[in-house]
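Close look at the chain arrangement
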Amino acid sequence: MSIPFYKYQGTGNDFVMIDNRKGLFPHNTAIISKICNRKFGVGADGLILIENHDSLDFEMVYFNADGSQSLCGNGSRCAVSFAHFLKIIKDETKFLTIDGPYEANLKHDLVYLHMRDQQCPEKFDTHYFLNNGSPHHIEFVNQAEKQDVYQQGAAVRYSDVYQPNGTNVNFVEIKENNTIYVRTYERGVEDETLSCGTGITASALAAADKGLSSPVAIEAKGGKLEVRFEQKADHSFTNIWLIGPAEQVFSGQFDI
Ligand SMILES: N[C@@H](CCC[C@H](N)C(=O)O)C(=O)O
């Protein structure tokens, strides 16, 4: 069977997108990991299916490159852009993710994703931790560029403390002008990605504990984003937005 697909990227986090409103593409881990393989397939950090939903605009079904599932912030932004391209939505949407319903807007070529309210990230001696739909270990470092993200990220991701599910690992450098530079080792990709939306959002909230204020400007290897939030008297966060570009870069078809 021949299936049309599109390739999207959100600050370098790249995804194969399939319009699965007719339900023809199977939720099959082996097929998904083969398509996402950068040598033997199309190549992507993840694969996203846009499916029908009874009361919301659509359902976004997200798979990491290895076929596992979790919430993907950049993938959600790309799915919104794809749904707009498919004319399923106009400039505002409410859609279903693995983490429940999410809302987003499209404005001036940027996708604004409204994230769930969050508690303050848990603070440990060496790091912070927040599960904002996906689990994130956050370490502040002096020079993120010098970090061996693959080795050090994998060591934390597979450490006993995070078993059995593992975690994503973010290395965060505080720069001038309320800016953070974030590098992420992603679970399910098992490598550094050029950007991770949930990781960037979690890192911005941890940075608030270090004195940064909304909006936090984000630099990732794949581009720039912004995180906005309000912090309540009890230190929890509300009105959290992940803002950045999401672009269609390729289309084609494959046989399964
Ligand atoms: N790239 C993502 C996060 C995807 C899920 C993650 N790899 C996990 O399994 O926890 C993002 O943009 O948030």
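One can find the structure itself at the top, above this paragraph.
Rules used in this analysis
- Residues numbered from 1 in each chain as written.
- Predicted model: local features only at pLDDT ≥ 70, side-chain atom pairs only at ≥ 80, totals over all residues.
- Heavy atoms only, no water.
- Helix = DSSP H or I, 4+ residues; strand = E, 2+ residues; numbered from the N terminus.
- Buried < 20%, exposed > 50% of the residue type's maximum accessible area, 1.4 Å probe, protein only.
- Arc of directions from axis to C-beta.
- Pairing = 2+ DSSP bridges.
- Right-handed = clockwise from strand over helix to strand, strands pointing away.
- Core = buried A, V, L, I, M, F, W, Y, C linked by side-chain atoms within 4.5 Å.
- Domains from an automatic or database assignment.
- Contact = heavy atoms within 4.5 Å.
- Polar contact = N/O pair within 3.5 Å; in protein donor to acceptor, adjacent residues only side chain to side chain.

**A look at unusual backbone geometry**
For residues that are not glycine, phi is negative in most cases, and the peptide bond is trans in most cases. A cis amide bond links Q163 to the next residue, P164, at an omega of 5°. Note that P164 resides in the loop between helix 3 (149-157) and strand 11 (168-175). In this model, H108 sits at a positive phi of 50°, which is unusual for a non-glycine residue. Mapped onto the fold, H108 is located in the loop between strand 6 (100-107) and strand 7 (110-115). Here H235, not a glycine, exhibits a phi torsion of approximately 75°, which is positive.

**Some points on helix 3**
Those residues of helix 3 that fall on the buried side of the exposure criterion are V149, G153, A154, V156 and R157. Along the axis of helix 3, the buried positions cluster into a sector of 160°, meaning they face one direction only.

**Considerations on the pairing of strand 2 (residues 13-19)**
Of all seven residues that make up strand 2, six are buried, and the element is covered over most of its length. Pairing analysis gives five bridges linking strand 1 (residues 2-10) to strand 2, with the strands arranged antiparallel. Considered in strand 2, the bridge of Y8 is made with F15. Counting the residues that bridge the hairpin from strand 1 to strand 2 gives two residues, and of these T11 lies at a positive phi of roughly 45°. Crossover connection from strand 2 via helix 1 (residues 29-36) to parallel strand 3 (residues 46-51): handedness right-handed.

**Some thoughts on the nonpolar core**
Within the largest apolar cluster, 48 residues are counted, with the highest numbers of intra-cluster contacts made by F58, I180 and I218. Sort the elements by how many residues they give to this core and helix 4 (residues 197-208) lands first, with seven residues. Counting the residues that make up this core, at least three belong to each of domain 1 (2-109 + 246-255) and domain 2 (122-243). Excluding residues that lie within four positions of it along the chain, I218 makes contacts with I180, V182, I200, A204, G223, K224, L225, E226 and V227. Counting residues in hydrophobic clusters, the runner-up holds 15 residues, among them I3, I32, A65 and F254.

**Some words on the side chain of S195**
Topologically, S195 is positioned in the loop between strand 13 (191-193) and helix 4. A polar contact is formed between the side chain of S195 and the side chain of T11, at a distance of 2.8 Å.

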